[in-house]
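Now for the letters of each chain:
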Number of protein chains: 2
Amino acid sequence: MNKKGLLLIGHGSRLQYNKELIVSTAEMMDGLTDKYLIKYCFMENSVPTVPEVLDAMREEDLELLAVVPLFLAKGIHVLRDIPSLLGLESGSCRGVFKLADGREIPVVYAEPIGIDPLLAELMLKNADRAIATHL
Amino acid sequence: MNKKGLLLIGHGSRLQYNKELIVSTAEMMDGLTDKYLIKYCFMENSVPTVPEVLDAMREEDLELLAVVPLFLAKGIHVLRDIPSLLGLESGSCRGVFKLADGREIPVVYAEPIGIDPLLAELMLKNADRAIATHL
């Protein structure tokens, strides 16, 4: 049966922390829903790469691919590099993704984290915790 | 009366989005609590810089300074560059901050966003929204 694919893209890093964040977040997302077949990949310094995982996605029986950048805000990777890897036209959040069996399915491109009250709460929580822990 | 200072540090960017995120988050934090005197600054490409805002904080009547990195995960900026700017010893999350009047107050260094179930929910929400909007 057809399923929706979800590709979570992280920045990647020579240190382990960004990869741990992306992998753990993908696992948590997988625990929250059965709606998506979830995979992750990285722009630089960590593996798997975006092209590697896009090719793995082509082998799946998908009806749709949603690509979600796990970045704080729009920057060069989110605005230019990822759309280019997806073959999206400039400024477009929708394109076509070719499966290995020749079918063409829609690919949609989601927003990064962005401005969100949850982020403000989390930053205050981290400040409070640092004072409680280190003072 | 003495107050706690909170310095929110963002990455900065040649594009406007990272700065908008940091400024809006600082404003939301300010709306959530009166406990902190909140200022923001950037590591690169955006202003004000960290040294500029640390100097502005020295002029305030503070009892404590909490420094919060608005970064997704630990990387070079969070692990090395910000501690160096704060004069923290390697691996330490507590140091001393000198006010302009000569007093020395504690500075504590908080965690970045890190692995959090809220982040997994947010990424799924962004995927759902992209499908609803662009399909």
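Calculation rules
Residues numbered from 1 in each chain as written. Chains lettered and ligands numbered in written order. Predicted model: local features only at pLDDT ≥ 70, side-chain atom pairs only at ≥ 80, totals over all residues. Heavy atoms only, no water. Buried < 20%, exposed > 50% of the residue type's maximum accessible area, 1.4 Å probe, protein only. Helix = DSSP H or I, 4+ residues; strand = E, 2+ residues; numbered from the N terminus. Arc of directions from axis to C-beta. Axes fitted to C-alpha atoms, helices over the stretch in contact; angles between N-to-C directions. Parallel < 35°, antiparallel > 145°, perpendicular 65-115°, else oblique. Left-handed = near helix turned anticlockwise from the far one by under 90°. Contact = heavy atoms within 4.5 Å. Least-squares fit on C-alpha atoms with pLDDT ≥ 70 in both. Buried area = accessible area lost by both parts, 1.4 Å probe. Salt bridge = Lys/Arg side-chain N within 4 Å of Asp/Glu carboxyl O. Polar contact = N/O pair within 3.5 Å; in protein donor to acceptor, adjacent residues only side chain to side chain. Pairing = 2+ DSSP bridges. Right-handed = clockwise from strand over helix to strand, strands pointing away. Expected span 1.5 Å × (residues − 1).

Asker: Explain helix 2 (residues 50-58) of chain A here, please?
Answerer: Owing to its 3.6 residues per turn, the α-helix aligns residues three or four sequence positions apart on the same side. Residues A:Val50, A:Val53, A:Leu54 and A:Met57 constitute the buried set of helix 2 of chain A. Viewed along the axis of helix 2 of chain A, the buried residues span an arc of 105°, placing them on a single side of the element.

Asker: Just checking my understanding: could you explain the packing of helix 1 (residues 17-32) of chain A against helix 4 (residues 117-134) of chain B for this structure?
Answerer: Geometry of a packed helix pair, given as the angle between the helix axes and the separation of the axes. In contact at an axis separation of 9 Å, helix 1 of chain A and helix 4 of chain B are set at 70° when each is read in the N-to-C sense. The pairing of helix 1 of chain A with helix 4 of chain B is recorded here as roughly perpendicular in orientation. For the pair helix 1 of chain A and helix 4 of chain B, the crossing hand works out as right-handed. Together, A:Leu21, A:Thr25, A:Met28, A:Met29 and A:Leu32 of helix 1 of chain A and B:Pro117, B:Leu119, B:Ala120, B:Glu121, B:Met123 and B:Leu124 of helix 4 of chain B make up the contact between the two elements.

Asker: What's the story with the relation of the copies chain A and chain B in this structure? I'm lost.
Answerer: The pair of chain copies shares a relation made of a rotation about an axis and a shift along it. When chain A is fitted to chain B, the best match, at an RMSD of 0.0 Å, comes from turning it 180° and sliding it 0.0 Å along the axis. The two molecules are tied by a two-fold rotation axis, judged by turn and shift. The rotation axis passes nearest to the C-alpha of A:Leu72 in chain A, at a distance of 3.4 Å. Of all interface residues in chain A, 100% are interface residues in chain B too; the two copies therefore contact each other through one and the same surface.

Asker: Looking at this structure, how should I read the interface of chain A and chain B?
Answerer: Reports often express the size of an interface as the amount of accessible area lost when the parts come together. Across the contact, 56 residues belong to chain A and 56 residues belong to chain B. Summing both partners gives a buried area of about 4,700 Å² for chain A against chain B, and 80% of it is carried by carbon and sulfur. Counting every contact that joins chain A to chain B gives four salt bridges. Our count for the chain A to chain B interface comes out at eight residue pairs in polar contact (both at pLDDT 80 or more). For the side of chain A that touches chain B, the secondary structure elements donating two or more residues are strand 1 (3-10), helix 1, strand 3 (62-69), helix 3 (76-86), strand 5 (104-109) and helix 4 (117-134) of chain A.

Asker: Hey, could you run me through the pairing of strand 2 (residues 36-42) of chain A in this one?
Answerer: Sheet faces and side chains relate simply in a regular strand, where the side chains alternate between the two faces. Residue and element names in this part refer to chain A. Pairing between strand 1 and strand 2: seven bridges, direction parallel. In the sheet register, Leu6 faces strand 2, and the bridge partner there is Ile38. Read from strand 1 through helix 1 to strand 2, the crossover connection turns out right-handed.

Asker: Got a minute to help me understand the environment of A:Gly91 in this structure?
Answerer: Residues and elements named next belong to chain A. You can see Gly91 is positioned in the loop between helix 3 and strand 4 (94-98). Its relative accessible area of 80% is what places Gly91 among the exposed residues. Distance from Gly91 to Arg80, taken between C-alpha atoms, is 8.9 Å for residues eleven residues apart in sequence.

Asker: Quick question: what am I supposed to make of helix 4 of chain A here?
Answerer: The first and last C-alpha atoms of helix 4 of chain A sit 26 Å apart over 18 residues, in line with the 26 Å expected at 1.5 Å per residue. When helix 4 of chain A is considered as a whole, its buried residues turn out to be A:Leu119, A:Ala120, A:Leu122, A:Met123, A:Leu124, A:Asn126, A:Ala127, A:Ala130 and A:Ile131. Lining the buried residues of helix 4 of chain A we find strand 1 (3-10), helix 1 (17-32), strand 2 (36-42), strand 3 (62-69) and strand 5 (104-109) of chain B. Its side-chain oxygen placed 2.9 Å from the backbone nitrogen of A:Leu118, A:Asp116 serves as the N-cap of helix 4 of chain A.

No statement about biological role is implied by the geometric values presented.
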